[in-house]
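Architecture and fold: a report
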Amino acid sequence: AKTELYRELVAHLAHPGARFERAPGARGLVMEVVTLRSLNVVFKLIRDRFLPPKRTTRRQVMAQYEYVLKRDRTGRLCDAQEFERLAVPRARVPEALLAELRASAPSTVREGAGPDGDGRVVLQHCYVERRLTPLDLYVRGVDLDAAVAAVDDYGCAIRDLAASGIFAGDLLLKNFGVSRHGRVIF
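With that settled, the discussion passes to the side chain of Arg 90. Looking at where Arg 90 falls in the secondary structure, it is placed in the loop between strand 4 (80–89) and helix 3 (95–104). Polar contacts involving the side chain of Arg 90 include one to the side chain of Glu 95, which spans 2.2 Å. The contact partners of Arg 90, leaving out residues within four places of it in the chain, are Glu 95, Leu 98, Glu 111, Gly 119, Arg 120 and Val 121.

What follows concerns the environment of Glu 100. Position of Glu 100 relative to the elements: it lies in helix 3. You can call Glu 100 partly exposed: its relative accessible area is 31%. Leaving out residues up to four positions away in the same chain, Glu 100 has contacts with Arg 22 and Arg 27.

With respect to the helices, strands and loops of the structure, Met 62 is situated in helix 2 (residues 58–70). Between the C-alpha atoms of Met 62 and Leu 137, which are 75 residues apart in sequence, the distance is 27 Å. Residues within four places of Met 62 in sequence aside, it is in contact with Ile 46, Glu 82, His 125 and Tyr 127.

What follows covers the layout of surface pockets. Remark: the empty space left among the atoms is shown by a probe the size of a water molecule rolled over them. In this structure, the second largest pocket occupies an estimated 220 Å³ of space. Taken together, 13 residues line the second largest pocket, and the ones lying closest to its centre are Leu 5, Val 41, Asp 79, Gln 81 and Arg 130. Of all the secondary-structure elements, those providing two or more residues to the lining of the second largest pocket are helix 1 (2–13), strand 4 and strand 6 (119–130). For the lining of the second largest pocket, a count of residues per class yields seven nonpolar, one polar and five charged.

Let us now look at the pairing of strand 2 (residues 31–36). Among the six residues in strand 2, five count as buried, and that is most of the element. As defined by bridge partners, strand 2 adjoins strand 3 (residues 41–46) across five bridges and the pair is classed as antiparallel. Note on strand 3: the bridge partner recorded for Thr 35 is Val 42. Between the end of strand 2 and the start of strand 3, which pair antiparallel, lie four residues.

Pairing is antiparallel across the open sheet formed by three strands, whose spatial order is 7-8-9. Edge positions in the sheet fall to strand 7 (133–134) and strand 9 (184–185), since each has one partner strand and no second. When strand 7 meets strand 8 (residues 177–178), the two strands line up antiparallel, connected through two bridges. In the sheet register, Pro 134 faces strand 8, and the bridge partner there is Gly 177.

Conventions we followed
One numbering rule holds for all chains: residues counted from 1, following each sequence as written. Given that the model is predicted, a residue must reach a pLDDT of at least 70 before its local features are reported, and side-chain atom pairs must reach 80 or more before they are shown or counted; all residues, however, enter totals for whole chains, interfaces and linings. Calculated side-chain values reflect all of the structure's heavy atoms, with hydrogen atoms and water omitted. Numbering of helices and strands runs from the N terminus; a helix is a DSSP stretch of H or I covering at least four residues, while a strand is a stretch of E covering at least two. Any N or O atom pair separated by 3.5 Å or less is treated as a polar contact, with the protein-specific requirement of one donor-capable and one acceptor-capable atom, and with residues adjacent in sequence counted only for side-chain atom pairs. Note on contacts: a residue pair is in contact if any heavy atoms of the two residues lie within 4.5 Å. Partly exposed describes any residue whose relative accessible area lies between the buried limit of under 20% and the exposed limit of over 50%, with all areas from a 1.4 Å probe on protein chains only and scaled to the type maximum. Whether a set of points on the 1 Å grid over the protein atoms alone is a cavity depends on a 1.4 Å probe fitting there but being unable to get out, while an open set qualifies as a pocket with protein on both sides within 12 Å along at least five of seven lines; lining residues are those with an atom within 4 Å of a point. Grid points are joined across faces, edges and corners, and a volume is the space filled by probe spheres set on the points. Residues are grouped as follows: nonpolar covers Ala, Val, Leu, Ile, Met, Phe, Trp, Tyr, Cys and Pro; charged covers Asp, Glu, Lys and Arg; every other residue, Gly included, is treated as polar. The pairing criterion for strands is at least two bridges between them, as found by DSSP.

Keep in mind these values describe shape, not function.
Below is the structure:
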């Protein structure tokens, strides 16, 4: 699956109009999240320093991803593919976005030359997950019945996670997303 995802990414990056952009939703305290509009995934980079009130470390965040990978996620957590040294063409990363990423995750974002001498942005470490609509944005953009159904499923997601021994640290709506099938996922 990881190889197929990488091949799909390379194909999308071959299009001249492909550009990375900040993913929709509120900025996170722990992660920077970017996406390609043409690809149904997000790229999550761990910040070097966390904004208050977060009191965690990069190592603890990575350990949580590893823990979740090995657990029964009851269909309520995104599958994440971990990538190291993921190189993308420099021309696909707008300067303003690159500056933001360099400022918040300097140990993760590097620039260098590719094999053919063109510029590259290398993501030293990132997680790639399928793109979801953040729950807070979703409930603002749908009719009342759909919003009520999503909030009800949000409660079910919390229950399902707790039943499997996973307790979300932050139960903020922005930390949950709605899949294209209407399922709420942490």
